Amino acid sequence: MRTADRSGRRAAEPFGRRTADLSGRRTAARPGRRTADLSRRRTAAPSAGRAAARSGLVAATAALLGVVAAAPPGAGEWTAGPAAGRPYAYLEGPAGSVLQDTLSVTNPGTAPLTVRLTGQGAPVSFAAGTVRVPARTRADVPFAVTVTADTPPGEHRGTVRASAAGREVRVDLRLRVSGPHLAALTVEDIHLDGATGDLRYTLVNRGTTVLAPRLAVRAEGLLGTVLDRPDRPLPLTLRPGERATRTDPWPDPPALDSVTVRLTATAPGAAPATARAGAAFASGPALTAAAGLLLAAAAGAGYAARRRGTSRTPSAPEAA
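For clarity, every value in this text was computed on a predicted model and none was experimentally measured.

What is the right way to look at empty space enclosed by the protein in this model?
Rolling a probe over the atoms, with the probe sized like a water molecule, indicates the empty space that remains. In the structure shown here, the tally under the stated rule is one cavity of 30 Å³ or more. For the largest cavity, the calculated volume is near 50 Å³. Surrounding the largest cavity, Leu192, Gly197, Leu199, Val217, Ala219, Leu227, Arg229, Asp248, Pro249, Trp250 and Val261 form its lining. Of all elements in the fold, only strand S12 (214-221) and strand S13 (224-233) reach the threshold of two or more residues within the lining of the largest cavity.

In this structure, what is going on with the packing of aromatic side chains? I would like to understand it.
For any pair of aromatic rings, geometry is given as the distance between the ring centres together with the angle between the planes. Evaluated as defined, the whole model comprises two aromatic pairs. Ring centres of Phe126 and Phe143 lie 5.7 Å apart, and the angle between their planes is 45°; this geometry places the pair in the tilted category. Of the two residues, Phe126 is situated in strand S5 (residues 124-126) and Phe143 in strand S7 (residues 137-146); the sequence distance between them amounts to 17 residues. Grouping residues by exposure puts Phe126 and Phe143 together as buried. Aromatic side chains Trp250 and Phe281 sit 5.7 Å apart centroid to centroid with 80° between the ring planes, which places their arrangement in the edge-to-face category. Taken as a pair, Trp250 in the loop between strand S14 (243-248) and strand S15 (256-267) and Phe281 in strand S16 (residues 270-282) lie far apart in primary sequence, 31 residues in all. The exposure class assigned to Phe281 is buried, which follows from its relative accessible area of 3%. A cation over an aromatic ring shows up here: Arg167 above the ring of Trp78, its NZ or CZ 4.8 Å from the ring centre.

Scoring rules and cut-offs
Residues numbered from 1 in each chain as written. Predicted model: local features only at pLDDT ≥ 70, side-chain atom pairs only at ≥ 80, totals over all residues. Heavy atoms only, no water. 1 Å grid on protein atoms, 1.4 Å probe; cavity = no way out; pocket = protein on both sides within 12 Å on 5 of 7 lines; lining within 4 Å. Points joined across faces, edges and corners; volume = space filled by probe spheres on them. Helix = DSSP H or I, 4+ residues; strand = E, 2+ residues; numbered from the N terminus. Phe/Tyr/Trp six-rings, centres within 6.5 Å; stacked < 30°, edge-to-face > 60°. Buried < 20%, exposed > 50% of the residue type's maximum accessible area, 1.4 Å probe, protein only. Lys NZ or Arg CZ within 6 Å of the ring centre and 35° of its normal.

Next comes the structure, spelled out in structure tokens:
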């Protein structure tokens, strides 16, 4: 009984447990895990592909935006400017010197570019007036500015021009000539028109600084002052060496007079400059009136002389 029971238990219960456990594990646990793993892999693979595609698209979009943002407007057009990316060309030196700088011409196109170089407002010279720039190349072209010995100290300006492919690029050129600062103004070529009263004169900046002139006018006739315009600013400025010719009208000049006009020009820091001119005014009506007065005076004088002569003639004595 015990042996049977034990053997039965050993033959039935343990074997049944193992079989049940093995069958359960093989038929339920393991196949279930494989199915679940496959399903997870199948569902995870498309999501991973979509994520990779999305990340690739984002990266490509970011790269494209970076290229667009980095490309300046009009990047396909050629450019010209001072070397080292300066906003303008600046040169400084004394009179009688030769100053040098560099102009950079960039050709981003796919074909060579022929550029013509000139200067304006300043004595600019290039080693070659025409430069051929290959495709996708930058050419640095030296140029020189000759400052003559008679160039006054101070600020001067000019322009460097580059022309190619139907367009022109202008580069601002600023030149500073070293030397002492001197304010000097003169009045020259003064003329007073005796027919119209117009006053013409020329103001000249003989110094080295920019001047804002003022002008006073005074005219003296035979009987005293006939015009007195106080000091007033003029609507102009004069750079060193610059001259300006002006004409100021005199609306009511004297009809009959001999006039001397005096001009006094001033500017901050400059000594007053004075010039004089004279003119005789004699209009037609004034001459007619003057002639009439002279004739009347002559007739009156003759009449008075005749009366005096008559009154002095003695009367003849009576006959006896």
